[in-house]
Amino acid sequence: MIEPNSAVLDLTGALPYFHRDARGLTELIQLRVLAYFGVSSAAGAAPTRMLAAMACALTGPGRRLIIEDSPAAVRAFLRPRPVRELPGVGARAAATLSAYGLHTVGDVADVPQLTLQRLGARPGRTLHERAHGHDTTTVDPTPTPASMSSEHRYDRDELDPAQHRRALLTFADDLGARSAAPTRSRPA
């Protein structure tokens, strides 16, 4: 989920098409948003969605922050950041990490993964990966529907309660099958 006034774009496939690098394509998008909608936008571009979102959050309107696709650039961006800026680190987790002397992302990155897993196996592993700039989430272009419906029209007024029940069970089955249908998998 993203904020209502945000957009997430995966530009990987667009780079060769527009014959521009991430900086050039980001500038072009910001210019067109300003021209078409009169909105001065902030932009962040990075090798992963997490890093791009963090960069964008630190950028003011009309500005952009580009993190190059190199381990050194990712480390230089992440290490000085406060640990609470990592996605998934809330106030409580930040307070717990701070109690252990882990105030920056660099502090967390220096701690062995097994030590972080004392906070919980999965949260510790995720925190360790994010502190090193690893993010496996992808941009899913298909939005989640806000609602679903199903309908059936009878040829005539139906007064039989058994028919009503059969129709309701059919609707429930149809909606259940559609909501459980496999969508594009999103790595966790």
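The structure presented is a predicted model; accordingly, all values stated were derived computationally and were not measured. (Residues numbered from 1 in each chain as written. Predicted model: local features only at pLDDT ≥ 70, side-chain atom pairs only at ≥ 80, totals over all residues. Heavy atoms only, no water.)

With that settled, the discussion passes to the overall build of the protein. Along its length, the protein carries 9 helices and 2 strands. Each helix and strand of the protein, placed in order from N terminus to C terminus, yields the pattern α-α-β-α-β-α-α-α-α-α-α. The 188 residues of the protein split such that 22% are buried. With the model as given, the accessible surface of the protein reaches about 13400 Å², and the carbon-plus-sulfur share is 56%. (Helix = DSSP H or I, 4+ residues; strand = E, 2+ residues; numbered from the N terminus. Buried < 20%, exposed > 50% of the residue type's maximum accessible area, 1.4 Å probe, protein only. Areas by Shrake-Rupley, 256 points an atom, 1.4 Å probe, with all protein chains shown as cover.)

Glancing now at the nonpolar core. If you look at the biggest cluster of nonpolar residues, it comprises 21 residues, and the most contacted ones within it are Leu51, Phe77, Leu78, Leu86, Leu97, Val108 and Leu127. Of all the elements in the fold, those that place two or more residues in this core are helix 3 (49–57), helix 4 (71–78), helix 5 (91–99), helix 6 (105–110) and helix 8 (121–131). Here the element with the most residues in this core is helix 3; it accounts for 4 residues. (Core = buried A, V, L, I, M, F, W, Y, C linked by side-chain atoms within 4.5 Å.)

Now for helix 8. Buried within helix 8 we find Gly124, Leu127, His128 and Ala131. Taken around the axis of helix 8, the buried residues stretch over an arc of 100°, which confines them to a single face. Of the surrounding elements, those touching the buried residues of helix 8 are helix 4, helix 5, helix 6 and helix 7 (113–116). (Arc of directions from axis to C-beta. Contact = heavy atoms within 4.5 Å.)

Turning to the side chain of His128, a few remarks are in order. Residue placement: His128 occurs in helix 8. Residues within four places of His128 in sequence aside, it is in contact with Val111, Pro112, Gln113 and Leu116.

Here we come to the environment of Met54. Relative to the helices and strands, Met54 resides in helix 3. For the pair formed by Met54 and Pro87, sequence separation is 33 residues and the distance between their alpha carbons is 8.2 Å. Not counting residues up to four positions away in its chain, the partners in contact with Met54 are Phe77, Leu78, Glu85, Leu86 and Pro87.

A few words now on the pattern of salt bridges. For side chains bearing opposite charge, pairing can occur when the charged atoms are close. Evaluation of the coordinates by the stated rule reveals 5 salt bridges. Note that Asp110 and Arg79 form a salt bridge whose closest N and O atoms lie 2.9 Å from each other. Of this pair, Asp110 sits in helix 6 while Arg79 is found in the loop between helix 4 and helix 5, placing the two residues 31 residues apart along the sequence. Glu85 is the salt-bridge partner of Arg81, the closest N and O atoms lying 2.7 Å from each other. (Salt bridge = Lys/Arg side-chain N within 4 Å of Asp/Glu carboxyl O.)

What follows concerns unusual backbone geometry. Notably, His19 is not glycine yet its phi reads approximately 55°, a positive angle. By the secondary structure assignment, His19 is in the loop between helix 1 (14–18) and helix 2 (22–37). A residue is classified by how much of its surface remains accessible, and His19, at 73% relative accessible area, is exposed.

This paragraph deals with the packing of aromatic side chains. Per the stated rule, a full pass over the model turns up 1 aromatic pair. When the ring of Tyr17 is compared with that of Phe18, the centres are 5.1 Å apart and the planes differ by 85°; the resulting orientation is edge-to-face. (Phe/Tyr/Trp six-rings, centres within 6.5 Å; stacked < 30°, edge-to-face > 60°.)

You can see Gln30 is positioned in helix 2. Classification of Gln30 as buried rests on a relative accessible area of 7%. Not counting residues up to four positions away in its chain, the partners in contact with Gln30 are Ser41, Ala42, Ala43, Gly62, Arg63 and Arg64.

Where helix 3 meets helix 4, the axes come as close as 12 Å, and the angle between the chain directions of the two elements is 45°. Judged on the interaxial angle alone, helix 4 and helix 3 are oblique. The handedness of the crossing between helix 3 and helix 4 is left-handed. In this structure, helix 3 contributes Leu51, Met54 and Ala55 to the contact, and helix 4 contributes Val74, Phe77 and Leu78. Classifying every residue of the contact of helix 3 with helix 4 gives 6 nonpolar, no polar and no charged. (Axes fitted to C-alpha atoms, helices over the stretch in contact; angles between N-to-C directions. Parallel < 35°, antiparallel > 145°, perpendicular 65-115°, else oblique. Left-handed = near helix turned anticlockwise from the far one by under 90°. Nonpolar A, V, L, I, M, F, W, Y, C, P; charged D, E, K, R; others polar.)

It is worth spelling out the confidence of the model for the protein at this point. Atomic detail in the predicted coordinates should be set aside for any region of low pLDDT. Across the protein, the average pLDDT comes to 83, with 89% of residues at or above 70. Looking over the protein, one finds the lowest element-wise mean pLDDT in helix 1, namely 79, and the highest in helix 4, namely 94. Scored below 50 in pLDDT, residues 183–188 makes 10 contacts in the model with residues more than four places away or belonging to other chains. (pLDDT = per-residue confidence, 0-100.)

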